[in-house]
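Spelled out from the first residue to the last, the chains are:
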Amino acid sequence: MPTTTKAKKSKSKSRKKKPEVPYHRKPDNLSLDEWQAALRKQFAQMQHFNIENVGVEPVFSDFEVHNPQSENTYKVAIRSNLKQIQEGQNQNFCSCYDFKTNGLGTCKHIESVLLHISKKRELKKIITRETFNPPYSSVYLKYSPQKRIVKLRIGSFNAPKFKSFRKLYFTNDGTLKDSSFDKFDLLLDEAREIDPGFRCYEDALSYIITIREKRRRMDWVDRNKKELQENRLSDYIQADLHPYQKEGVCFAIVAGRVMIADEMGLGKTLQAIAAAEVFKKEFGIQKTLVVCPTSLKYQWKSEIEKFTDTSVQVIEGNPLKRAAQYADDNYFYKIASHHTIGNDLETINRQEFDLIILDEAQRIKNWKTKISQNIKKLDSPYAIVLSGTPLENKLEELYSVVQFIDRFRLGALFRFLYNHQVCDPETGKVIGYKDLNQVGKILSDIMIRRTKKKVLRQLPS
């Protein structure tokens, strides 16, 4: 009899055990999104996170999810019940980049919080039966594959007035109108007159400011393009630039964060310095960090001193000395090597550099290396990435470099590779690529590449 009981228990356990979702290959019975969402649920079951409710409500609240291994902490907001999640009406949020780029509406941190909730009977009842319906209205950022959308959510307080308000500034589905970006300050004032508790989330406001600043730079270039071409940018730099170089400077100003991928010998350094000088004189930036190979630090210093009157300092010495050099406001340009970034990352980000010029960008083409991971943690509103090495040989390398410029541009890596790699159905080995013209279109306003053959007529004999 005891043997039979053990057998039954063993059989029962084997029935409950679900097969693991394969990480490297999509199962035939799942769509791409279903597979990736299932992987994140599986990660949540396998990993241990410390979860703390930092909001007011027991379920529809804000949580802090701490990973003791990486020491990273993320904010998770639970805003949808289980039925809404199943029906694709997911309003949950996480501050991690996976959530913001994967287009799935979930991540391992959200799944961990949902798992945490489901283990407590009283909490599971709430997330199964109740809905999130707060009184306040809010502007939030919706993350979709390769794009972000500013949306309005109308709460229960003064809903009729907010519906009239929506007609002025938003489309019928609550998307911010294109014309409303430039008058967003007025929009916020009107919303807070209707309800002082109206909320605009930080990521939405940051995105709106980014769009507005880009439009301001675009307007400036449009107004001054003819003059910039005629006077050869002599108001900013002591050099005669070729037409394609002037084009590169204007392209960088409009983009804000850009890759200049011209062929070797076409003067990428000069274009970056000229763009930095325009940013300084026209848009008020005060600090620029040049990150380059150790062997090129003094070459960069020489070029800056040759073509500008702007102060420049090479970062070197022990950690204390380097920290003092980063903090010295007497120098507009600071030049540091790729290898020191990891040790100095916190110090650098505390200085809040306005512009980062990254030379030899192919050094971060392998996203697994420490140098690549550290450089991608550098914060700055503007960035100019320079690379003379073609990156089209491997899509993973292109993706890694673009991540530093714009993490959202190519979406999630799994979706990017699925859309553009051709794999052997039996081995899974990459045997080719597809729709690369689409990749070019996606990157057309943040990456510029010219070859010597293309600009031959502009070069001296």
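Our structure is the block above this text.
All values derive from a computational prediction rather than experimental measurement. (Residues numbered from 1 in each chain as written. Predicted model: local features only at pLDDT ≥ 70, side-chain atom pairs only at ≥ 80, totals over all residues. Heavy atoms only, no water.)

A.B. asks: Help me get a handle on the nonpolar core, residues and values and all.
C.D. replies: Counting 44 residues, the largest nonpolar core has Ile253, Trp300, Ile357 and Ile384 as its most contacted members. No other element matches helix 11 (residues 268-283), which puts nine residues into this core. Ignoring any residue separated from it by four or fewer positions in sequence, one finds isoleucine 384 in contact with Val258, Ile260, Ala272, Ala275, Leu355, Ile356, Ile357 and Leu358. (Core = buried A, V, L, I, M, F, W, Y, C linked by side-chain atoms within 4.5 Å. Buried < 20%, exposed > 50% of the residue type's maximum accessible area, 1.4 Å probe, protein only. Helix = DSSP H or I, 4+ residues; strand = E, 2+ residues; numbered from the N terminus. Contact = heavy atoms within 4.5 Å.)

A.B. asks: Mind laying out the side chain of asparagine 224, listing which residues take part and the relevant values?
C.D. replies: For asparagine 224, the location among the structural elements is in helix 9 (residues 202-230). Within the local environment of asparagine 224, its side chain forms a polar contact with the backbone oxygen of tryptophan 220, the two atoms lying 2.7 Å apart. (Polar contact = N/O pair within 3.5 Å; in protein donor to acceptor, adjacent residues only side chain to side chain.)

A.B. asks: Would you mind going over the packing of aromatic side chains in detail, with residue names and values included?
C.D. replies: Per the stated rule, a full pass over the model turns up 17 aromatic pairs. Relative to phenylalanine 408, the ring of tyrosine 97 has its centre 6.0 Å away and its plane inclined at 50 degrees; by these criteria the two rings are tilted. Here the residue tyrosine 97 occupies a position in helix 4 (residues 97-102), and phenylalanine 408 occupies one in the loop between helix 16 (395-405) and helix 17 (413-420), the gap between them amounting to 311 residues. The partly exposed category is assigned to tyrosine 97, whose relative accessible area is 40%. Exposure remark for phenylalanine 408: the relative accessible area of 14% places this residue in the buried category. When the ring of phenylalanine 165 is compared with that of phenylalanine 170, the centres are 6.1 Å apart and the planes differ by 50 degrees; the resulting orientation is tilted. The exposure classification of phenylalanine 165 matches that of phenylalanine 170, with both residues buried. Here the guanidinium or amino end of arginine 199 rests over the ring plane of tyrosine 136, the centre of that ring lying 3.7 Å away. One Lys or Arg, lysine 280, reaches over the ring of phenylalanine 332 and ends 5.6 Å from the middle of that ring. (Phe/Tyr/Trp six-rings, centres within 6.5 Å; stacked < 30°, edge-to-face > 60°. Lys NZ or Arg CZ within 6 Å of the ring centre and 35° of its normal.)

A.B. asks: Run through a negative patch on the surface, naming residues and quoting values.
C.D. replies: A cluster of acidic side chains, namely Glu227, Glu230, Asp235 and Glu282, defines a negative patch on the protein surface. Assessed through its relative accessible area of 33%, glutamate 282 is described here as partly exposed. (Patch = residues over 30% accessible without salt bridge, like charges linked within 9 Å, V, L, I, M, F, W, Y side chains within 5 Å. Areas by Shrake-Rupley, 256 points an atom, 1.4 Å probe, with all protein chains shown as cover. Salt bridge = Lys/Arg side-chain N within 4 Å of Asp/Glu carboxyl O. Lys, Arg positive; Asp, Glu negative; His and termini not counted. Charge placed at Lys NZ, Arg CZ, Asp CG, Glu CD.)

A.B. asks: Could you give me a rundown of helix 12 (residues 297-307), with the residues and numbers involved?
C.D. replies: Looking at helix 12, one finds that the buried residues are Lys297, Trp300, Ile304 and Phe307. Along helix 12, the residues classed as buried sweep out an arc of 115 degrees about the axis, all on the same side. Residues of helix 12 that are buried sit in contact with helix 11, strand 9 (288-292), strand 10 (312-314), strand 11 (333-337), strand 12 (355-358) and strand 13 (382-386). (Arc of directions from axis to C-beta.)

A.B. asks: A description of the pattern of salt bridges should follow, citing residues and the corresponding values.
C.D. replies: In this structure the tally under the stated criterion is 17 salt bridges. Linking aspartate 98 and arginine 40 is a salt bridge whose minimum nitrogen-to-oxygen distance equals 2.9 Å. Taken together, the positions of aspartate 98 in helix 4 and arginine 40 in helix 2 (residues 32-46) put the pair 58 residues apart, joining distant regions of the chain. Residue arginine 40 is classed as buried on the basis of its relative accessible area of 8%. Arginine 450 is paired through a salt bridge with aspartate 262; the nearest N and O atoms lie 2.8 Å apart. One end of the pair, arginine 450, is in the segment after strand 16 (447-448); the other, aspartate 262, is in the loop between strand 8 (257-260) and helix 11, with 188 residues separating them in the sequence. Here the salt bridges do not stand alone but share partners, grouping Lys214, Asp406, Arg409 and Asp445 into one network.

These values are about where atoms sit, not about what they do.
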